[in-house]
Amino acid sequence: MPPNFDRSCGELTVKSRDGNDANINWDALGFCFTQTDYMYIMKCSSKEKFSDGIITSYGNIDLNPSSGVLNYGQGLFEGLKVYRRKDGGIQLFRPEKNALRMQTGAMRLCMPSPSVEQFVNAVKQVALANKRWVPPHGKGSLYIRPLLFGSGSVLGIGPAPGYTFMIFASPIGNFYKGRESLNLLIEDKLHRACPGGTGGIKSIANYAGVFETVSHAKAKGFSDVLFLDAVYGKYIEEVSSCNIFIVKGDIVSTPATQGTILPGITRESIIKLGRELGYQVQERDIPVEDLTNADEVFCTGTAMVVTPVGSITYQDTRMEYKTGEESVSHKLHTMLTGIQTGVIEDQFEWILPVD
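Residues numbered from 1 in each chain as written. Predicted model: local features only at pLDDT ≥ 70, side-chain atom pairs only at ≥ 80, totals over all residues. Heavy atoms only, no water.

You'll find the chain entered in an unreviewed UniProt entry as Branched-chain-amino-acid aminotransferase, with Melia azedarach given as the organism.

Here it is in structure tokens:
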């Protein structure tokens, strides 16, 4: 999930595509777009299956004004990372999960989707084509953004007749550096998702609806917004761009995914790792009142990985939580990133080496 935090990318200077002569300040990377060299494009009609696509130079694309994505928001996106190992090689983390999640979303939005094999192969091609943009070990990662959308022309409300699957990439820095924590505001009037809607898929239409709320929260000094359920208005669901967990003793809880919460891949991985570390991990409805006596709160997502929450404010009441190196979130962050970057042995077959 893309995070809502502001950080400058700094000055990135690249001399050419064909060598290792890029002069990049990797320490200045944040989560903002930096153009890389190549992207991937694959197309099909609504009556066909996707066939092999192509790697092409990064650039603008032609899109008809009457395309399904522009008129009716028929589109999905995914997000995953390429990591640099200490030996210089690069690898992916559970890319097949992103492929399967895109298939689920495509079915919901009446779109054909790439097979898991096609998706993963395309991601690998983009990673290899832009390998020089993968930051050194420990300096960040190459963020991969797959897109699937209705590119065919349509006027009446309905699925587009043609579709495009494409992938671009951008290097990003490490959001969590062991010192930062989030300061969240609970929104109790507006909602991110509702039962029967599209909150459980990565529809492009899910995100613009929170811009106003998040902007107002940031203007008040908050990092992001935590949304409540739309039916009862009393259960925590999701931050605008990531999943959330609470810790009380040796119990780690996260809201159950019931169609309104995105089934995050980092979320799923943290549930597994938490149990491996001996914690009792629960997926359940979490009343907002449970935040008042929680020991810790943390968020998970592709970009922010595992990030502690220092405080949450609800109806003018501020609640503070434990952070730091002795926290559960720090232990989970260390274990997860160790696996992702090749420092810790992968016992779960989550890693896919690219080279």
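Additional details are given in the paragraphs that follow.
**Remarks on the overall build of the chain**
Across its full length, the chain carries six helices and 19 strands. Radius of gyration (C-alpha) of the chain: 20 Å, near the 20 Å computed for a compact globule of 355 residues. Each of the three principal axes of the chain carries a C-alpha extent, and together these read 55 × 50 × 40 Å. The buried share among the 355 residues of the chain stands at 54%. For the chain, the computed accessible surface area is about 15800 Å², with 49% contributed by carbon and sulfur atoms. In the chain, 35 side chains carry a positive charge and 38 a negative one; their mean positions are 2 Å apart. (Helix = DSSP H or I, 4+ residues; strand = E, 2+ residues; numbered from the N terminus. Rg over C-alpha atoms; globule rule 2.2 N^0.38 Å. Buried < 20%, exposed > 50% of the residue type's maximum accessible area, 1.4 Å probe, protein only. Areas by Shrake-Rupley, 256 points an atom, 1.4 Å probe, with all protein chains shown as cover. Lys, Arg positive; Asp, Glu negative; His and termini not counted. Charge placed at Lys NZ, Arg CZ, Asp CG, Glu CD.)

**With respect to the nonpolar core**
Grouped together as the largest cluster of nonpolar side chains are 35 residues, with contacts concentrated most on Leu76, Val82, Ile144, Leu148, Phe165 and Ile167. At the level of secondary structure, the elements contributing two or more residues to this core comprise strand E3 (38-45), strand E6 (80-84), strand E7 (90-93), helix H2 (95-108), helix H3 (116-129), strand E8 (141-150) and strand E9 (162-172). The element that contributes the greatest number of residues to this core is H3, accounting for six residues. Those residues within four positions of Leu76 in sequence are excluded, and the remaining contacts are Met102, Gly105, Ala106, Leu109, Met111, Pro146, Leu147, Leu148, Ile201, Lys202, Ser203 and Ile204. In this structure, Ile186, Cys242, Ile286 and Val309 belong to the second largest nonpolar core, which totals 23 residues. (Core = buried A, V, L, I, M, F, W, Y, C linked by side-chain atoms within 4.5 Å. Contact = heavy atoms within 4.5 Å.)

**Observations regarding a nonpolar patch on the surface**
There is a patch of nonpolar side chains on the surface, built from Ile61, Leu63 and Leu70 and spanning about 240 Å² of accessible area. Mapped onto the elements of the fold, Ile61 is located in the loop between strand E4 (54-57) and helix H1 (68-72). (Patch = residues over 30% accessible without salt bridge, like charges linked within 9 Å, V, L, I, M, F, W, Y side chains within 5 Å. Salt bridge = Lys/Arg side-chain N within 4 Å of Asp/Glu carboxyl O.)

**Some points on the side chain of Arg132**
Inspection of the secondary structure assignment puts Arg132 in the loop between H3 and E8. Residue classification places Arg132 among the buried residues on the basis of a relative accessible area of 16%. Looking at Arg132, its side chain comes within polar contact range of the side chain of Asp37, at 2.8 Å. (Polar contact = N/O pair within 3.5 Å; in protein donor to acceptor, adjacent residues only side chain to side chain.)

**Things to note about the pattern of salt bridges**
Under the defined criterion, the tally for this structure stands at 14 salt bridges. For Arg132, the salt bridge is made with Asp37, and the minimal N-O distance between the two is 2.8 Å. Of the two residues, Arg132 sits in the loop between H3 and E8 while Asp37 sits in the loop between strand E2 (23-24) and E3, which places them 95 residues apart along the sequence. For Asp37, a relative accessible area of 5% translates into the label buried. Glu320 is the salt-bridge partner of Arg318, the closest N and O atoms lying 3.1 Å from each other. Via salt bridges that share partners, Arg94, Lys97 and Glu268 belong to a single interconnected network.

**Brief notes about the layout of surface pockets**
Approximately 280 Å³ is the volume attributed to the second largest pocket. Looking at the second largest pocket, it is lined by 16 residues, and the ones nearest its centre are Ile61, Leu147, Phe149, Met166 and Phe168. Taken together, the elements giving at least two residues each to the lining of the second largest pocket come down to H1, strand E5 (75-77), E8 and E9. (1 Å grid on protein atoms, 1.4 Å probe; cavity = no way out; pocket = protein on both sides within 12 Å on 5 of 7 lines; lining within 4 Å. Points joined across faces, edges and corners; volume = space filled by probe spheres on them.)

**Let's talk about the packing of H2 against H3**
One way to put it is that H2 packs onto H3 with a least axis distance of 9 Å and a crossing angle of 125°. It follows from the interaxial angle that H2 and H3 lie oblique. The way H2 lies across H3 gives a crossing that is right-handed. Between H2 and H3, the residues in contact are Pro95, Glu96, Asn98, Ala99, Leu100, Met102 and Gln103 and Val116, Phe119 and Val120, respectively. Its residues assigned to classes, the contact of H2 with H3 shows seven nonpolar, two polar and one charged. (Axes fitted to C-alpha atoms, helices over the stretch in contact; angles between N-to-C directions. Parallel < 35°, antiparallel > 145°, perpendicular 65-115°, else oblique. Left-handed = near helix turned anticlockwise from the far one by under 90°. Nonpolar A, V, L, I, M, F, W, Y, C, P; charged D, E, K, R; others polar.)

**Details of unusual backbone geometry**
Phi at Val305 is positive, roughly 60°, even though this residue is not glycine. As for its placement among the helices and strands, Val305 is situated in strand E17 (residues 305-314). For Val305, a relative accessible area of 10% corresponds to the buried category. A positive phi angle is found at Asp316, which is not glycine, with a value near 70°. We classify Asp316 as exposed; its relative accessible area is 80%.

**Re the confidence of the model for the chain**
Per-residue confidence for the chain averages 93 on the pLDDT scale, and 93% of its residues sit at or above 70. Every residue in residues 4-8 is under pLDDT 50, and counting partners more than four places away or in other chains gives 21 contacts. (pLDDT = per-residue confidence, 0-100.)

**What to know about the packing of aromatic side chains**
On inspection of all chains with the given rule, the structure shows twelve aromatic pairs. Each ring, one from Phe245 and one from Phe298, has its centre 5.0 Å from the other, and the planes form 5°; the classification is stacked. Placement of Phe245 in strand E13 (residues 243-248) and of Phe298 in strand E16 (residues 296-301) is noted, with a sequence separation of 53 residues between them. Overall, Phe298 belongs to the buried group, its relative accessible area being 0%. (Phe/Tyr/Trp six-rings, centres within 6.5 Å; stacked < 30°, edge-to-face > 60°.)

**Description of the packing of helix H5 (residues 265-276) against helix H6 (residues 328-340)**
As a packed pair, H5 and H6 sit with axes 10 Å apart at the nearest point and diverge in direction by 115°. Between H5 and H6, the angle is such that the two are roughly perpendicular. When the axes of H5 and H6 are compared, the crossing they make is right-handed. Where H5 abuts H6, its residues Thr266, Ser269, Ile270, Leu273 and Gly274 lie against Leu332, Met335, Leu336 and Ile339.

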